[in-house]
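Next come the chains, spelled out residue by residue.
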Amino acid sequence: MREELHRFFRAARGAGVRVSPAESIDAMKAVADVGFADRGILRDTLLLTLAKSEEEKQALGETFDLFFSQPEVKEEIASEEAEKADGAESDDGQPEPGDDSGAPEPELGDLAQMLMSRDRNAIAAAMANASSAASLSDIRYFTQRGIFSSRILEALGIERLRDDLDALTATNPAEAERLAAALEALRENVRDVVNQALVLYGREETENLRNEILRNAPLARLERRQVEQMKALIRAIARRLRERYSKPRKRQRRGHLDTRKTLRRNAAWGGVPFLTSWKRRHRDRPKIVAICDVSGSVAQVSDFFLLLIHSLHEVVDDVRSFAFSGHLIEVSDILDSKTPEEAMSEIMSKVGFGSSDYGGSFVDFEKGFLRSVTAKTTVIVLGDARTNNLDPRADILRTISERSKRLVWLNPEGRMAWGWGDSEMPRYAAFCSVVRQCATAKQLERAVSDIVAAYQ
């Protein structure tokens, strides 16, 4: 059962439940105490030791129910054909199936005898052993179903069964028909077992493959069915950023232990460290100003930009955020006080989907918020730099660049489009410390991660 539990942990991870090595050890110790006799107690034990939220509890419960349930062994086809064969024998005056003459012939192989006797328990046990021999838990993709089905059938003894079927066809056509029907039912049972294993063990790889495709898909050209999937992926990226950079920030607030000062402070107590001293490395207070274009030309990607900006508010101490299309407003309070979905909806209702005016929005920023930019500030502009042939006011961007520590521009358009039509990206790029194309989720994650990492 140790191997069985390891396979269950793998299936749980595929369902989105985070199971660390330490947690799996604790779960195995708990299972050793309660045993496997009562499935309900076993289920509760695994949920208590592994689930850390209601979502994980639900996912783990569904995984347990699927993992420890075996597909029902089908024998309807075999039974129906058997009844026809038995009826034909009765009409011919032959012995009834209950007589000794109706028993499986002794020269048949083990699998043929098992199928002819219709022993469901024996068939289920044989398929379980064959699945283990075929390493069914290694299945990852739906294209592997045929391979693993063949492996299981070979482990069961399909070659010998074919020989038995050929021999019976020549000597006893009625029994051969029964065995052929039972073989077809066996194939269907094997397909069910493989499909169940694919659901259990293939979810993680399927999800990873889909996410990898999404991570490299252009944000501006997503299909409608992919938009919600991309939002879920961006949320996962934001969560990963929070987990990656929140812990180092807490450690840096405390600093490292200063051994010499600690010993001097505790000399009166014989060096017992009742009082501690910490080395604190001076760091500039993190300060980020994010300016996000939410106009119609970037409406497809503005939601994803806002999701990442929302994550910045949870990772970095001092962030001020602004959104604009025709005019600019501050949205810091909205992002701080509301969930990502509520914040995006409110921001887009106020300034979203309009005609972009970069020059006018930079004027709004200069009049109301330029003093928030200091030599310790990193300014991030997220937009396509398309001004609708209005005055780009690059002079204001130059002023922002001179006052700030860094000016980073993230553009969702491909580099080949910069400077064409009403794009003022080349003019703006002259005043930027960093200019990056962020046409995909992967590029966006890398850019934001690099910005946050600079403050760690």
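Our structure's up above, just so we're on the same page.
This structure is a prediction, so every number in the text was calculated from the model and none was measured.

Asks: Which residues make up the overall build of the chain, and what values do they have?
Replies: Check the secondary structure of the chain and you find 20 helices and 8 strands. For the chain, restricting intrachain contacts to residue pairs at least 6 apart in sequence, the fraction spanning at least 24 positions comes to 73%. For the chain, the accessible area works out to roughly 24000 Å², and carbon and sulfur atoms hold 49% of it.

Asks: Explain the sheet that holds strand S3 (residues 287-293) to me, and be specific about the residues and the numbers.
Replies: Pairing is mixed in the open sheet, where 6 strands are placed in the order S5-S4-S3-S6-S7-S8. Of all the strands in the sheet, just strand S5 (328-330) and strand S8 (434-437) have a single pairing partner and so form its edges. Shown here is a sheet whose adjacent strand axes are inclined to one another by a mean of 20 degrees, direction ignored. Summarising the sheet, strand S7 (residues 406-411) and S8 pair through 4 bridges and their orientation is parallel. Bridge pairing links valine 408 to valine 434 in S8.

Asks: Outline a positive patch on the surface, supporting the account with residue identities and numerical values.
Replies: On the surface, Arg260, Lys261, Arg264 and Lys279 cluster together into a patch of positive charge. In terms of residues, the positive patch owes the most to one element, helix H13 (residues 259-265), which gives 3 residues. By secondary structure assignment, the location of arginine 264 is in helix H13.

Asks: If you had to explain helix H1 (residues 2-14) to someone new, which residues and values would you point to?
Replies: Taking 1.5 Å as the rise per residue, H1 with 13 residues should run 18 Å; its terminal C-alpha atoms sit 19 Å apart, in good agreement. Every buried residue of H1 is listed here: Leu5, Arg7, Phe8, Phe9, Ala11, Ala12 and Gly14. Residues of H1 that are buried make contact with helix H2 (21-34), helix H3 (39-50), helix H4 (54-67), helix H7 (120-133), helix H10 (173-201) and helix H11 (203-215). Phi for glycine 16, located one or two positions after H1, is positive at around 95 degrees.

Asks: An account of the pattern of salt bridges is needed here, citing residue identities and associated values.
Replies: With the rule as written, the count across this model stands at 20 salt bridges. We note a salt bridge from arginine 386 to glutamate 413, for which the minimum N-O separation is 2.8 Å. Linking arginine 386 in the loop between strand S6 (378-382) and helix H18 (394-403) with glutamate 413 in the loop between S7 and helix H19 (425-429), this pair joins segments that are 27 residues apart in sequence.

Asks: Outline the environment of alanine 59, supporting the account with residue identities and numerical values.
Replies: Its place among the elements puts alanine 59 in helix H4. By relative accessible area, which is 17% here, alanine 59 ends up buried. Other than its neighbours up to four places away in sequence, alanine 59 contacts Ala15 and Val17.

Asks: Describe in detail the environment of serine 337, supporting the description with residues and values.
Replies: For serine 337, the location among the structural elements is in helix H15 (residues 332-337). For serine 337, a relative accessible area of 59% gives the class exposed. Within the structure, serine 337 has its side chain in polar contact with the backbone oxygen of aspartate 333 (distance 2.7 Å).

Asks: Just give me the short version of the pairing of S3, but keep the residues and values in it.
Replies: In terms of burial, S3 is largely enclosed, as 7 of its 7 residues are buried. In S3, alternate side chains face the same way, and those of Lys287, Val289, Ile291 and Asp293 on one face and Ile288, Ala290 and Cys292 on the other are all buried. Bridge analysis of S3 against strand S4 (residues 318-324) gives 7 bridges, and the strand direction is parallel. Residue aspartate 293 lies in a different strand from S4, and its bridge partner there is phenylalanine 324. Across 5 bridges, the pairing between S3 and S6 is parallel. Paired with cysteine 292 across the strands is leucine 382, a residue of S6.

Asks: I'd like to hear about the environment of phenylalanine 362, residue by residue, with values.
Replies: Its location among the elements puts phenylalanine 362 in helix H17 (residues 358-369). A relative accessible area of 1% means that phenylalanine 362 is categorised as buried. Residues phenylalanine 362 and arginine 393, 31 residues apart in the sequence, show an inter-C-alpha distance of 7.1 Å. Excluding residues that lie within four positions of it along the chain, phenylalanine 362 makes contacts with Pro392, Arg393, Ile396, Leu397, Trp409 and Tyr428.

Asks: Requested: an account of the packing of helix H8 (residues 145-156) against H10, with residues and values cited.
Replies: The contact between H8 and H10 brings their axes to 9 Å, and the two run at 130 degrees. It follows from the interaxial angle that H8 and H10 lie oblique. In terms of crossing hand, the pair formed by H8 and H10 is right-handed. Between H8, through Arg145, Phe148, Ser149, Ile152, Leu153 and Leu156, and H10, the contact on the second element is made entirely by Leu186, Arg187, Val190, Val194, Asn195 and Leu198. Its residues placed into classes, the contact of H8 with H10 shows 8 nonpolar, 2 polar and 2 charged.

Asks: Explain the packing of aromatic side chains to me, using residue names and the numbers behind them.
Replies: As enumerated under the stated definition, the model contains 16 aromatic pairs in all. A centroid spacing of 5.8 Å and a plane angle of 40 degrees characterise the contact between phenylalanine 8 and phenylalanine 68, whose relative ring orientation is tilted. Taken as a pair, phenylalanine 8 in helix H1 and phenylalanine 68 in the loop between H4 and helix H5 (76-91) lie far apart in primary sequence, 60 residues in all. Residue class for phenylalanine 8 comes out buried when judged on its relative accessible area of 0%. With relative accessibility at 12%, the residue phenylalanine 68 sits in the buried group. On the numbers, 6.2 Å between centres and 40 degrees between planes, the contact of phenylalanine 365 with phenylalanine 369 is tilted. Separated by 4 residues within a single helix, phenylalanine 365 and phenylalanine 369 lie in helix H17, roughly one turn from each other. Side by side, phenylalanine 365 and phenylalanine 369 carry an identical accessibility label, which is buried. Of the aromatic side chains, those joined through ring pairs into one cluster are Phe8, Phe9, Phe64, Phe67 and Phe68.

Asks: Outline unusual backbone geometry, supporting the account with residue identities and numerical values.
Replies: Here alanine 385, not a glycine, exhibits a phi torsion of approximately 65 degrees, which is positive. Classification of alanine 385 as buried rests on a relative accessible area of 0%. Of note in the backbone geometry, asparagine 389 takes a positive phi value of approximately 60 degrees without being a glycine. Counting through the fold element by element, asparagine 389 comes out in the loop between S6 and H18.

What counts, and at which threshold
- Residues numbered from 1 in each chain as written.
- Predicted model: local features only at pLDDT ≥ 70, side-chain atom pairs only at ≥ 80, totals over all residues.
- Heavy atoms only, no water.
- Helix = DSSP H or I, 4+ residues; strand = E, 2+ residues; numbered from the N terminus.
- Contact = heavy atoms within 4.5 Å.
- Areas by Shrake-Rupley, 256 points an atom, 1.4 Å probe, with all protein chains shown as cover.
- Pairing = 2+ DSSP bridges.
- Axes fitted to C-alpha atoms, helices over the stretch in contact; angles between N-to-C directions.
- Patch = residues over 30% accessible without salt bridge, like charges linked within 9 Å, V, L, I, M, F, W, Y side chains within 5 Å.
- Salt bridge = Lys/Arg side-chain N within 4 Å of Asp/Glu carboxyl O.
- Lys, Arg positive; Asp, Glu negative; His and termini not counted.
- Charge placed at Lys NZ, Arg CZ, Asp CG, Glu CD.
- Expected span 1.5 Å × (residues − 1).
- Buried < 20%, exposed > 50% of the residue type's maximum accessible area, 1.4 Å probe, protein only.
- Polar contact = N/O pair within 3.5 Å; in protein donor to acceptor, adjacent residues only side chain to side chain.
- Parallel < 35°, antiparallel > 145°, perpendicular 65-115°, else oblique.
- Left-handed = near helix turned anticlockwise from the far one by under 90°.
- Nonpolar A, V, L, I, M, F, W, Y, C, P; charged D, E, K, R; others polar.
- Phe/Tyr/Trp six-rings, centres within 6.5 Å; stacked < 30°, edge-to-face > 60°.

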